[in-house]
Number of protein chains: 2
Amino acid sequence: MYLESTREIHLASRPVGLPTAANFELITVPVRPLQAGEVLIKNLWMSVDPYMRGRMMDRESYVPPYKLQEALEGGAVGEVVESRSETIKVGDLVLHQLGWREHAVAPAASVQKIDARQAPPQAFLGVLGMTGMTAWAGLTRIAELKAGETVFVSAASGAVGAVAVQIAKQMGARVVASVGSDEKAAWLREIGADAVINYRTAGDLTAALRAAAPEGINVYFENVGGAHLEAALNVMKPFGRVIMCGMIEVYNATEPPKGPSNLAQVIGKRIKLQGMIVSDHFGAYPEFLKQVGGWLAAGKIQTRETVREGLDNAPDAFIGLFRGDNTGKMLVKLA
Amino acid sequence: MYLESTREIHLASRPVGLPTAANFELITVPVRPLQAGEVLIKNLWMSVDPYMRGRMMDRESYVPPYKLQEALEGGAVGEVVESRSETIKVGDLVLHQLGWREHAVAPAASVQKIDARQAPPQAFLGVLGMTGMTAWAGLTRIAELKAGETVFVSAASGAVGAVAVQIAKQMGARVVASVGSDEKAAWLREIGADAVINYRTAGDLTAALRAAAPEGINVYFENVGGAHLEAALNVMKPFGRVIMCGMIEVYNATEPPKGPSNLAQVIGKRIKLQGMIVSDHFGAYPEFLKQVGGWLAAGKIQTRETVREGLDNAPDAFIGLFRGDNTGKMLVKLA
């Protein structure tokens, strides 16, 4: 047997408002022997993502809620260290959904081999993984972005946002990005945003967006909610599209959040707002990997990572997403 | 010359909040001689519609605002009483956009002949006109309604809503209707609604909708805004569609209205909200007329009209739309 015990993060209690360290517990648990068809994975990297906040609530949704006193789940990449599978061998690098733990036992059929020659393993949690795919599917399949259009991306320095900005540029669009610091703004300019708004210092967001896109916007990549959505609707052109991808501003709300006061503009401007979940688009993964992987290999897409070391720091990495701690993908390095 | 003067309603001042009689003025004006290609129309019926409230504001929109001290405009049907056109003759019944006046001079090319054998002339302002077409285009082209789905229609006793309920039934859907009185509710049951909510007495609208559609709704025909939209999002099934057609609750708002607090549900449920303006769909008018005209002729669609007599009463007919005075189409009979 490869090892007898490992460590994992349990959900100790359901957060109310912004999660705190007390909602999480680091537990040492035994590793059970493999059954036929299973592999033991030593996790190298795990992902923390805003959507996980939703799973911490006890409510019906598109994914079941996390259970109390059980390990959390989420994207991870690791190395297979023990195998009772014919298809996944010791030494293989795999992508799977049993993050938030140092080792995981998983059916071989539930993991996906990754090719470390294409990109570093953690890229499969970011630009070549769920976050990059979200950006790509939102722009190409939900908004059906066309060259020459103007796109507004909120949380543009986040994992999804930063990739969305660069994919939109590759597709021939003009891009206005919104971020929360001047440092992030500088990076967004570096990676090609045509105009950048620091929403914390911009004052009236509608006025700032109108100045950045005097002819209006065609597409809004919604990651934030609140004033960002309201400004986007105000400045949207007829037949505009809103990719409803995330609303990080409302995930920790303890009171019902204020919806946009100007939603009636959707009628006259014939705006389409459409919610998206990346897993609906997994069938297009090969197409995504070819296109975005190609841009990445050609140096046309840049990425940044914000890395926290060690499973102990995973809860704080997650909480940091809501403080804007990350530039690019927030990752936890486990080994 | 057929006549020297006629009467029309001018916009005397722009309403703030609910319009009042003081915002309108009845004026006697000279009728100018026809130029080549023009016709003089004696209006028989004119339409008042909630969308007109938007045109009374001085703001950029999909149609230009009404001008102060000029005649209002809107759908009307009339009889041609003088003609300098080769195509439109004296005696023809025509549909046109110069309502709010007893007589109108119009280029023949801007009017549309109607066939009074198919339906009474005023039907071309209602079920066979813009309002019926709005209901049809919303369900078939925006929501792409399928047989077996459940549709929720707000303002279901209104001109658009009552037709939408019946078209949805003809398309094989289950229909939940919301109305503002028990009398209207009884009529909605008569014309085929499977469940009816009186929103004024129902209390919690989400609970009432959930009781009426325990398995959720697939499509929401939005005519109201506010609590109706919030309830619809709460009860909507994954991949639901919202036809954003009207928001009568907010048209007279003097403060920025409260948007739905639960818009984040759009993401997880992959809901599509799409704004619509009927004029974008006029190319499909022949298809609409064949299908809905066929149902009407076969007695499968019932209509009611709420009729006010005389141009003097047009402003009050219009204001009455916001008090819920009408069951079915609100019309003004001019001659």
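Residues numbered from 1 in each chain as written. Chains lettered and ligands numbered in written order. Predicted model: local features only at pLDDT ≥ 70, side-chain atom pairs only at ≥ 80, totals over all residues. Heavy atoms only, no water.

(A) Inspection of the relation of the copies chain B and chain A at higher detail. When chain B is fitted to chain A, the residual RMSD is 0.0 Å, and the transformation amounts to a turn of 180 degrees plus an axial shift of 0.0 Å. Here the copies are linked by what is in effect a two-fold axis. Ranked by how close their C-alpha atoms come to the rotation axis, the residues of chain B are headed by G259(B), at 1.9 Å. Residue by residue, 100% of the interface of chain B is reproduced at the interface of chain A, so both copies engage with the same surface. (Least-squares fit on C-alpha atoms with pLDDT ≥ 70 in both. Contact = heavy atoms within 4.5 Å.)

(B) Summary view of the pattern of salt bridges. Residue and element names in this part refer to chain A. All told, the structure shown has 24 salt bridges over all chains when counted by the stated rule. A salt bridge links E38 to R32, with the shortest nitrogen-to-oxygen separation between them at 2.8 Å. On the basis of relative accessible area, R32 is assigned to the partly exposed category, the value being 41%. Linked by salt bridges that have partners in common, R7, E102 and D312 make up one network. (Salt bridge = Lys/Arg side-chain N within 4 Å of Asp/Glu carboxyl O. Buried < 20%, exposed > 50% of the residue type's maximum accessible area, 1.4 Å probe, protein only.)

(C) Seen up close, the UniProt feature "domain: Enoyl reductase (ER)" (unreviewed entry) in chain A. Taking the UniProt record as the reference, the feature "domain: Enoyl reductase (ER)" (unreviewed entry) is found at residues 17–332 of chain A. A distance of 23 Å separates the end C-alpha atoms of residues 17–332 of chain A, which is 25% helix and 25% strand. (UniProt positions renumbered as here; feature names shortened; annotations may be inferred. Helix = DSSP H or I, 4+ residues; strand = E, 2+ residues; numbered from the N terminus.)

(D) Structural view of the domain arrangement of chain A. All names here are of chain A. Taken domain by domain, chain A consists of domain 1 (5–125 + 304–333) and domain 2 (130–279). Facing the 21 residues of domain 1 at the interface are 14 residues of domain 2. The largest per-residue losses of area from domain 1 upon contact with domain 2 belong to Y62, R304 and T327, which jointly make up 27% of the total buried on that side. The interface formed by domain 1 and domain 2 includes zero salt bridges. Our count for the domain 1 to domain 2 interface comes out at four residue pairs in polar contact (both at pLDDT 80 or more). Considering only residue class, the side of domain 1 that touches domain 2 consists of eleven nonpolar, five polar and five charged. (Domains from an automatic or database assignment. Buried area = accessible area lost by both parts, 1.4 Å probe. Polar contact = N/O pair within 3.5 Å; in protein donor to acceptor, adjacent residues only side chain to side chain. Nonpolar A, V, L, I, M, F, W, Y, C, P; charged D, E, K, R; others polar.)

(E) Region of interest: the sheet that holds strand 11 (residues 217–222) of chain A. The strand order across the open sheet formed by twelve strands is 10(A)-9(A)-8(A)-11(A)-12(A)-13(A)-13(B)-12(B)-11(B)-8(B)-9(B)-10(B), and the pairing between neighbours is mixed. Whereas interior strands pair on both sides, the edge strands pair on one side only; in this sheet they are strand 10 (195–198) of chain A together with strand 10 (195–198) of chain B. The mean inter-strand angle of the sheet, taken between neighbouring strand axes irrespective of direction, is 15 degrees. The pairing of strand 8 (residues 150–153) of chain A with strand 9 (residues 174–179) of chain A spans four bridges and is parallel. Following the sheet pairing, V153(A) is matched in strand 9 of chain A by A177(A). Its contacts with the sheet place helix 2 (residues 130–142) of chain B against strand 8 (150–153), strand 11 (217–222), strand 12 (236–244) and strand 13 (272–275) of chain B, and it is angled at close to 145 degrees to strand 11 of chain B. (Pairing = 2+ DSSP bridges. Axes fitted to C-alpha atoms, helices over the stretch in contact; angles between N-to-C directions.)

(F) Quick peek at the packing of aromatic side chains. Scanning all chains against the criterion turns up 14 aromatic pairs over all chains. Judged by centre distance (6.2 Å) and plane angle (70 degrees), the rings of W100(B) and F318(B) are edge-to-face. Here F318(B) lies in helix 9 (residues 314–320) and W100(B) lies in the loop between strand 5 (93–96) and strand 6 (103–107), a separation of 218 residues in the sequence. No difference in accessibility class separates W100(B) from F318(B), as the two residues are buried. Members of the aromatic cluster, joined through ring pairs, are F24(A), W100(A), F318(A) and F322(A). The aromatic ring of W45(A) is capped on one face by K333(A), whose charged end is 5.6 Å from the ring centroid. (Phe/Tyr/Trp six-rings, centres within 6.5 Å; stacked < 30°, edge-to-face > 60°. Lys NZ or Arg CZ within 6 Å of the ring centre and 35° of its normal.)

(G) Examining the interface of chain B and chain A more closely. At the interface, 28 residues of chain B touch 28 residues of chain A. Carbon and sulfur atoms supply 69% of the area buried between chain B and chain A, which totals about 2200 Å² over both sides. The largest share of the area that chain B buries against chain A comes from L263(B), I267(B) and R270(B), three residues that together contribute 26% of it. Taken together, chain B and chain A are joined by two salt bridges. For D280(B), the salt bridge is made with R270(A), and the minimal N-O distance between the two is 2.7 Å.

(H) Spotlight on helix 4 (residues 182–190) of chain A. Residue and element names in this part refer to chain A. Turning to helix 4, its buried residues are K184, A185, W187 and L188. End-on, the buried residues of helix 4 take up no more than an arc of 160 degrees, which puts them together on one face. Residues of helix 4 that are exposed and point over 90 degrees away from its buried face: D182, E183 and E190. On the buried face of helix 4, the contacting elements are helix 3 (159–170), strand 9 and strand 10. (Arc of directions from axis to C-beta.)

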